[in-house]
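# Structural overview for review
Take a look at the letters that make up each chain.
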Amino acid sequence: MSCPYGCCELGAIGLSRNTDMKVMKFGGTSVGSAESILNVKKIVEAEQEPVIVVVSALGGITDRLIKTSQLALAGDISYLNEFEEMVSRHFNMIEAVIPEGENKENLCRIVRALLDELKSIYHGVYLIRDLSSKTSAAIVSYGERISSNIVAVLIDGAKWFDSRTFIKTEVKSGRSRLVSDLTNELVKQTFVELPKVSLVPGFISTDAESGEVTNLGRGGSDYTAAIIAAALDASVLEIWTDVDGFMTADPRVISTAYTINELSYVEAMELCNFGAKVVYPPTIYPVCVKNIPICIKNTFNPTNKGTIIKKDIEGDQKPIKGISSINGTSLITVSGLSMVGVIGVNRRIFSALAGNGISVFLVSQASSENSTSIGVRDEDAEAACHVLNTEFAKEIETGAMFHMKAESGLATVAIVGENMKHTPGIAGKLFGTLGRSGINVIACAQGASETNISFVVDGAHLRKTLNVIHDSFFLSEYQELNLFLCGVGTVGNSLISQLAGQREKLMKERGLKLKVVGIASGHNALFDREGIDLENYREQLMAAEPSNLERLRNEVIGMNIFNSVFVDCTASKEVAGLYQEFLEHNISVVAANKEAASADYSTYERLKSTARKRGVKFLFETNVGAGLPIIRTINDLLNSGDKILKIEAVLSGTLNYIFNKISADIPFSETVRLAKEEGYSEPDPRVDLSGKDVIRKLVILAREAGYQIEQSDVEKHLFVPDSFFTGTLEDFWKNLSSLDEDFEKQRKKLETENKRWRFVSKYENGKGVVELREVDIEHPFYNLEGSNNIILLTTERYKEYPMLIQGYGAGAAVTAAGVFADIMCVANV
């Protein structure tokens with residue numbers, strides 16, 4: 001029989017592989033319920049060759065054993081209640097999975113005897129109020145001793161073996177450590193002849209000298225299985241748990257995380273050491289030495305391929321395999337001028353901490369040697385500071401070193417992959433990506449092996465950090481962009497329709513997932529970081545909580561979600577006032593709203609500068625020309641070294657509609673009314689007729705062309721008397737027809753001269769002007785139809801023949817399409 005996982009026929013040290021035997025370990029969740037334990041039975045009994053099965057205690061029992069012992073130690077009689085619940089748990093399991101008969105009766109006697117022993121130990125702790133490490137080890141051993149007996153009776157043909165007789169430990173540095181040579185010899189002696197199923201309790205062991213019960217530490221059942229597999233040269237070690245294998249990241253945080261098919265031993269060890277709780281870290285070493293593959297499988301999904309851990313991974317191109325993290329990190333910085341060039345300071349740091357049982361999982365030292373930062377768990381931070389302050393008390397007293405303080409509430413993240421050492425620029429891309437997302441790296445570390453880059457961030461940014469990295473390094477199936485949409489009028493509603501219509505195509509063809517996580521109207525606001533269903537967003541929005549500026553700000557910033565874009569489809573000055581804070585929090589802004597880009601120049605420049613510094617986008621293409629690529633074209637010209645000399649344009653679709661519509665049959669007042677009815681003008685047409693909107697557009701274009709200009713700098717020559725802009729809207733409509741006669745006289749004159757009216761914006765030689773002009777048939781603006789816009793750009797390169805951009809300049813659909821295009825620019829696809 002060959003190895004089913006494609007590994008070498010021979011072990012790394014030349015020993016022959018026992019290809020007729022595998023070791024299978026089932027964790028607490030796998031034996032935690034009647035349903036799961038029956039799955040174990042099916043999985044094991046389906047094996048054709050001999051297997052050794054290692055089991056943990058029933059799910060949650062080890063924690064309960066410890067809790068009950070603490071209650072007994074404290075003299076709390078309620079420990080008896082906890083104990084009786086454990087009794088019920090085990091007998092209920094027996095009742096649920098073991099059929100009636102002699103085997104069940106014998107099992108019940110064994111379990112009752114074990115529980116009686118446990119009860120006596122608890123009673124002794126309760127009476128003398130003392131709980132030694134020896135007694136604690138004895139207490140926690142009962143979980144595996146009982147569960148393994150239950151599973152041994154459940155599985156047909158299983159024989160129970162007591163791991164206490166062959167897993168041996170000794171005390172080193174106050175902890176029980178495996179005695180490898182003795183244990184390996186005893187394992188071989190124990191399993192000379194293998195029954196079809198050998199059932200072994202995991203985790204538990206005995207001291208090699210005293211014979212007292214010890215254990216291999218939390219997660220030690222994995223270690224038990226690895227020790228046996230290595231000693232017997234098994235074909236494979238299978239770890240059965242409640243997940244499909246190692247994931248690219250924590251799926252509770254990253255919904256797009258997926259199972260990693262293959263990992264090297266080194267990669268698996270790095271991920272385990274940094275919080276991936278799939279395998280107990282010491283498990284990997286014994287089987288790695290023997291080149292025995294580890295297969296992670298799901299008891300609840302046994303047909304899934306799982307994750308294979310082995311020495312060599314063929315055809316693997318990804319530089320990063322997975323991301324792991326440790327929350328609850330504290331960073332302690334040991335610093336002082338006396339540290340520079342002094343040999344032995346780091347030895348004192350780590351010796352002092354190790355001597356007090358404090359584990360350090362991250363070290364970062366400046367090349368100047370005047371500071372060393374160490375990462376410990378939050379619960380060890382206070383003790384670590386005390387230990388180090390004591391160790392360096394003399395240096396602190398003389399001022400040669402500084403008092404130690406812990407910075408808590410942090411998180412440590414590690415990216416892992418053996419191919420990083422073959423791929424230049426990984427660290428640069430990593431830190432650049434984090435910086436653009438507004439995530440500050442507090443400390444970092446990377447070994448020369450280049451298989452792990454570890455860094456510390458604020459704990460509040462952990463979720464965002466993991467998502468940013470997962471997305472940026474293409475571990476995710478899709479690049480994800482999270483959108484907050486403000487404004488659901490004609491443009492906003494059209495945009496939502498376009499997003500819904502293009503979603504599947506973008507995912508399939510571009511690998512881009514656009515996820516709307518917030519929608520706000522003038523009345524209500526809806527937020528969901530998992531994404532909003534756009535098919536029925538109106539119903540959801542109507543039922544959502546009331547909306548106001550403060551809530552909008554707090555929700556958008558507070559969600560702290562990666563790759564986020566605020567999309568403003570309103571005309572609100574107040575909403576535009578939120579842009580600065582959004583950009584400062586690394587949230588890109590896409591605006592159909594003209595208020596920000598046309599505000600005072602200092603505001604405009606501050607927004608642009610903040611976006612540049614933060615590495616995010618502030619885009620407002622639709623501020624001018626709806627969906628026409630005007631601003632983008634100007635930027636491209638400037639970025640390529642050209643200079644804009646003159647801008648001449650018709651920028652009001654409303655006014656162009658009016659002056660194209662006016663005729664002998666349709667007077668001026670009627671064209672204005674038609675513009676309103678057909679949705680070309682604002683509800684109050686005076687906004688369009690005042691030229692204010694055109695002035696704002698000209699200011700935006702001039703600024704994007706590199707000129708400093710305010711709205712007040714633009715001259716305006718209007719065609720409607722100032723008196724029409726005062727008073728009520730009703731007065732305006734009542735008096736508008738009084739202008740018809742004069743307009744008709746001028747129109748007839750233009751007709752005879754073969755000319756037309758165009759409301760033109762112009763910027764040249766530092767001067768801006770908007771005015772109604774007469775253009776003849778030779779002018780590019782003459783044949784401008786309907787509500788179209790047209791822009792002429794005269795540049796140093798396009799001087800004799802200016803660049804012309806023409807097309808629809810108004811309308812919800814084209815404006816929404818322009819906003820969509822800006823969103824795609826943020827996505828960089």
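Residues numbered from 1 in each chain as written. Predicted model: local features only at pLDDT ≥ 70, side-chain atom pairs only at ≥ 80, totals over all residues. Heavy atoms only, no water.

## Re the overall build of the chain
Along its length, the chain carries 28 helices and 31 strands. Relative to a compact globule of 829 residues, whose C-alpha radius of gyration would be 28 Å, the chain shows 37 Å and is clearly more extended. The principal-axis extents of the C-alpha atoms in the chain amount to approximately 115 × 70 × 55 Å. Accessible surface computed for the chain: about 36700 Å², of which carbon and sulfur atoms make up 49%. With 86 positive and 106 negative side-chain charges, the chain shows a spacing of 2 Å between the two charge centroids. (Helix = DSSP H or I, 4+ residues; strand = E, 2+ residues; numbered from the N terminus. Rg over C-alpha atoms; globule rule 2.2 N^0.38 Å. Areas by Shrake-Rupley, 256 points an atom, 1.4 Å probe, with all protein chains shown as cover. Lys, Arg positive; Asp, Glu negative; His and termini not counted. Charge placed at Lys NZ, Arg CZ, Asp CG, Glu CD.)

## Some details on unusual backbone geometry
Look at Asn 560: it is not a glycine, yet its phi comes out positive at around 50 degrees. For Asn 560, the location among the structural elements is in the loop between helix 17 (549-558) and strand 23 (564-568).

## A look at the pairing of strand 13 (residues 322-335)
When you tally the buried positions in strand 13, you get ten out of 14 residues, the bulk of the element. Relative to strand 16 (residues 406-416), strand 13 runs antiparallel, the two being bridged by nine bridges. Bridge pairing in strand 16 places Thr 329 opposite Leu 410. The pairing of strand 13 with strand 15 (residues 371-377) spans seven bridges and is antiparallel. Looking at the pairing, Thr 333 lines up with Ser 373 of strand 15. (Buried < 20%, exposed > 50% of the residue type's maximum accessible area, 1.4 Å probe, protein only. Pairing = 2+ DSSP bridges.)

## Let's talk about the side chain of Ser 521
Its place among the elements puts Ser 521 in the loop between strand 20 (512-520) and strand 21 (524-527). Note on Ser 521: relative accessible area 19%, which makes it buried. For Ser 521, the side chain forms a polar contact with the main-chain nitrogen of His 523, separated by 3.1 Å. For Ser 521, the residues in contact, after removing those within four places along its chain, are Val 488, Leu 541 and Ser 547. (Polar contact = N/O pair within 3.5 Å; in protein donor to acceptor, adjacent residues only side chain to side chain. Contact = heavy atoms within 4.5 Å.)

## What about the sheet that holds strand 9 (residues 237-241)?
Pairing within the open sheet is mixed, and its eight strands lie in the order 3-6-2-1-9-11-12-10. What marks the edges here is a single partner per strand, and that holds for strand 3 (158-160) and strand 10 (262-264). Within the sheet, the average angular offset between the axes of one strand and its neighbour, ignoring direction, is 25 degrees. Here strand 1 (residues 22-26) pairs with strand 2 (residues 51-55) via five bridges, running parallel. Its bridge partner lying in strand 2, Lys 25 is registered against Val 54. Seen against the sheet, helix 1 (residues 34-45) touches strand 1, strand 2, strand 6 (197-201) and strand 9 and runs at an angle of roughly 175 degrees to strand 1. Against the sheet, helix 5 (residues 133-154) touches strand 2, strand 3 and strand 6, its axis set at about 160 degrees to strand 6. (Axes fitted to C-alpha atoms, helices over the stretch in contact; angles between N-to-C directions.)

## A closer look at the environment of Ser 264
Within the secondary structure, Ser 264 sits in strand 10. Here Ser 264 falls in the buried class, since its relative accessible area comes to 2%. Considered as a pair, Ser 264 and Lys 311 are 47 residues apart in the sequence and their alpha carbons are 5.2 Å apart. Discounting residues that sit within four places of it in the chain, Ser 264 has contacts with Ile 309, Lys 310, Lys 311, Ile 313 and Glu 418. Within polar-contact distance, the side chain of Ser 264 engages the side chain of Glu 418 at 2.6 Å.

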